[in-house]
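Next come the chains, spelled out residue by residue.
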Amino acid sequence: VEYASWTCPACLQFHTDVIPMLKSEYVETGKVKFVFREFPTPPANISVAGFALARCAGADQYYNVIDDLFSAQTNILNLARSGGDIEGALRNIGSSYGIQGSGFEACLSNQDVTYAIGESVMKGDSQGVNSTPTVFVNGEKLQGFDWRSADGMKAVLDAELGNAGAAESTAE
């Protein structure tokens, strides 16, 4: 389980350096189930708006929108610092998924969507999440920083999968 924010530079690094390996070597092979949980970071209004777009795009497009938001992170944060057109940048992403015109405003003001994002934050708070990215493996919060690299995450997962295999083989 990863708690992350698409506006978090450390999350961008994790998303770029670790997630592709995680997906190809562990998720797509059925070794690991990956869950992404929203944990908006400053600028929170921008972060929440992006997560809302992902939710409004639908479950089948959610991760594609998240990928696009991470890809646009540097540009959007630069726009935020310079007083640029953040809404326009978010509208462009939304329009790629059919969220246009009044649908964009309806998405951002949808209380069910913002409530669901808030639920994710509350769940993270209850688990001690206080920074992003925060990753849990089998309910245990990963400590340190080694897991933020592809090799480090591989080591964590392989050790955990080895432990699971050992537990299964001794139970037989």
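Remember, predicted model here, so these are calculated numbers, not experimental data.

Participant: Tell me about the environment of Ser120, and name the residues and values.
Facilitator: Mapped onto the elements of the fold, Ser120 is located in helix α7 (residues 111-126). Residues Ser120 and Asn64, spaced 56 residues apart in sequence, show a C-alpha to C-alpha distance of 19 Å.

Participant: Before we move on, could you go through the sheet that holds strand β4 (residues 140-141) and cite the residues and values that matter?
Facilitator: Spatial ordering of the open sheet is given by β2-β1-β3-β4, a layout of four strands whose pairing is mixed. The open sheet has two edge strands, β2 (36-38) and β4, and neither has a second partner.

Participant: Describe helix α4 (residues 62-82), listing the residues and the values that go with them.
Facilitator: An α-helix turns once per 3.6 residues; consequently, residues spaced three or four apart project the same way. When the terminal C-alpha atoms of α4 are compared, their 28 Å separation across 21 residues agrees well with the 30 Å that a helix rising 1.5 Å per residue should span. The axis of α4 is deflected most strongly, by about 55°, at Gln73. Buried within α4 are the following residues: Tyr62, Val65, Ile66, Leu69, Phe70, Ala72, Gln73, Ile76, Leu77 and Leu79. The inward-facing, buried residues of α4 abut α1 (9-17), β2, α3 (44-56) and α5 (86-95).

Participant: How would you sum up the pattern of salt bridges? Please name residues and give values.
Facilitator: One pass over the structure, following the stated rule, counts four salt bridges. Here Glu25 makes a salt bridge to Lys154, at a shortest N to O gap of 3.1 Å. With Glu25 in helix α2 (residues 19-27) and Lys154 in helix α8 (residues 150-171), this residue pair connects regions lying 129 residues apart in the sequence. For Lys154, a relative accessible area of 27% gives the class partly exposed. Its salt-bridge partner being Arg91, residue Glu105 comes within 2.2 Å of it at the nearest N-O pair. Placement of Glu105 in helix α6 (residues 102-108) and of Arg91 in helix α5 is noted, with a sequence separation of 14 residues between them. Accessibility expressed as a relative area gives 40% for Glu105, which makes it partly exposed.

Rules and cut-offs
Residues numbered from 1 in each chain as written. Predicted model: local features only at pLDDT ≥ 70, side-chain atom pairs only at ≥ 80, totals over all residues. Heavy atoms only, no water. Helix = DSSP H or I, 4+ residues; strand = E, 2+ residues; numbered from the N terminus. Pairing = 2+ DSSP bridges. Expected span 1.5 Å × (residues − 1). Bend = angle between axes of the 7 residues up to and from the residue. Buried < 20%, exposed > 50% of the residue type's maximum accessible area, 1.4 Å probe, protein only. Contact = heavy atoms within 4.5 Å. Salt bridge = Lys/Arg side-chain N within 4 Å of Asp/Glu carboxyl O.

Any functional reading would require information that these geometric values do not contain.
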